[in-house]
Amino acid sequence: MLRVRATPRAFAVILPSSAVRMVSILSDSLYFASRSKLSAATQLYGYSEFTLFGNRGMWTVNEAESIEAFRPLREDIKRLALAGYICELLEAVSDEDCPEPEMLQLGLNSLYALANKLATRDVVKAVFELRLMCIAGYRPELEACAACGREDMDEGVLVPEHGELYCGECRRGGGLKVDRAVLSAMRYIINAEPKKIFAFELDGAAEERLASVCEAYALFELDRPFRSLDYYKNLRETEDDAI
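Analysis parameters
Residues numbered from 1 in each chain as written. Predicted model: local features only at pLDDT ≥ 70, side-chain atom pairs only at ≥ 80, totals over all residues. Heavy atoms only, no water. Phe/Tyr/Trp six-rings, centres within 6.5 Å; stacked < 30°, edge-to-face > 60°. Helix = DSSP H or I, 4+ residues; strand = E, 2+ residues; numbered from the N terminus. Buried < 20%, exposed > 50% of the residue type's maximum accessible area, 1.4 Å probe, protein only. Pairing = 2+ DSSP bridges. Axes fitted to C-alpha atoms, helices over the stretch in contact; angles between N-to-C directions. Arc of directions from axis to C-beta. Contact = heavy atoms within 4.5 Å. Parallel < 35°, antiparallel > 145°, perpendicular 65-115°, else oblique. Nonpolar A, V, L, I, M, F, W, Y, C, P; charged D, E, K, R; others polar.

S.K.: Where do I start with the packing of aromatic side chains in this structure?
M.R.: Each aromatic ring pair is specified by the distance between its two centres and by the angle formed by the two planes. Within the structure shown, the criterion is met by two aromatic pairs. Centroid distance Y85 to F226: 6.0 Å. Interplanar angle 80°. Geometry classified as edge-to-face. Remark: F226 occurs in the loop between α6 (204-222) and α7 (227-236) and Y85 occurs in helix α2 (residues 77-93); sequence separation between them is 141 residues. By relative accessible area, which is 2% here, F226 ends up buried. Relative to F200, the ring of Y188 lies with its centre 5.7 Å away and its plane at 55°, an arrangement referred to as tilted. Linking Y188 in helix α5 (residues 180-191) with F200 in the loop between α5 and α6, this pair joins segments that are 12 residues apart in sequence.

S.K.: Sorry if this is basic, but what is going on with the sheet that holds strand β8 (residues 176-179) here?
M.R.: Taken in spatial order, the three strands make up an open sheet running β7-β6-β8, and their pairing is antiparallel. The two strands at the open ends of the sheet, each matched to only one other strand, are β7 (164-167) and β8. The average undirected angle you get between the axes of adjacent strands in this sheet is 30°. Where strand β6 (residues 155-159) meets β7, four bridges bridge the pair, whose relative direction is antiparallel. Across the sheet, residue G156 finds its bridge partner in β7, namely C167.

S.K.: Hey, could you run me through α7 in this one?
M.R.: Every α-helix carries 3.6 residues per turn, so stepping three or four residues along brings you back to the same face. Taken residue by residue, α7 has S228, L229, Y232 and L235 as its buried positions. With its buried residues spanning 120° around the axis, α7 presents them on a single face. Looking at the buried positions of α7, the neighbouring elements they touch are α2, α4 (121-135) and α6.

S.K.: Honestly, the packing of α2 against α4 in this entry has me stumped. Any pointers?
M.R.: The description of two packed helices rests on the angle between their axes and on the distance between the axes. Relative orientation of the contacting elements α2 and α4 amounts to 0°, with a least axis distance of 11 Å. By the angle between their axes, α2 is roughly parallel relative to α4. Residues K78, R79, L82, Y85, I86, L89, L90 and V93 of α2 form the contact with α4, whose own contacting residues are R121, V124, K125, F128, E129, L132 and M133. Among the residues forming the contact of α2 with α4, the class breakdown is 10 nonpolar, no polar and five charged.

Laid out in structure tokens, this is it:
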């Protein structure tokens, strides 16, 4: 289970089973767990194996064992803040009745890449946002221009309303501008094998453009604000580099 959220009364986890879903666990069990051998397994953003007892839709922890704590995240406030955004997005699209093990795998791979600096924060964030939208049913059609069928283009526009791409000659009004580098990266992200999803390179400026497009696309499709994203952006304003 991946622990993604805590409130005064409960904390939420995502279950890695054939029926991946969110469950709420009573805070009393979290309180006692924090003062026992279960404490390592109940840390926020930790991936652990739980034995739960259910009663009237709520759960308490009987046993727990940590699998991956992503400890390096706690050494970098910006990476920790981005982990919070990743988990808030996971919670936003998780459906109790929808089996999505692919969604959990994406979250774990992204947290691992973030914690171990396998990619820059901009890349981890962009990859997670775009791939999550694909899993959640909002995959953009990036193979070719929706109007003329052109595949190779130096620039284009992605229209979030329909998830359609238009080349420079067929572009229609507003949309998210993409250049050759950004479009190539986005095509790679939506088609790559899960274990190779971060295996591409862009220069710093292109990474920022990719991050901007993927964020805008995700926020449009989900149609809601994310406080964790606002917090992360506030922290970013205090730095000079994007690592």
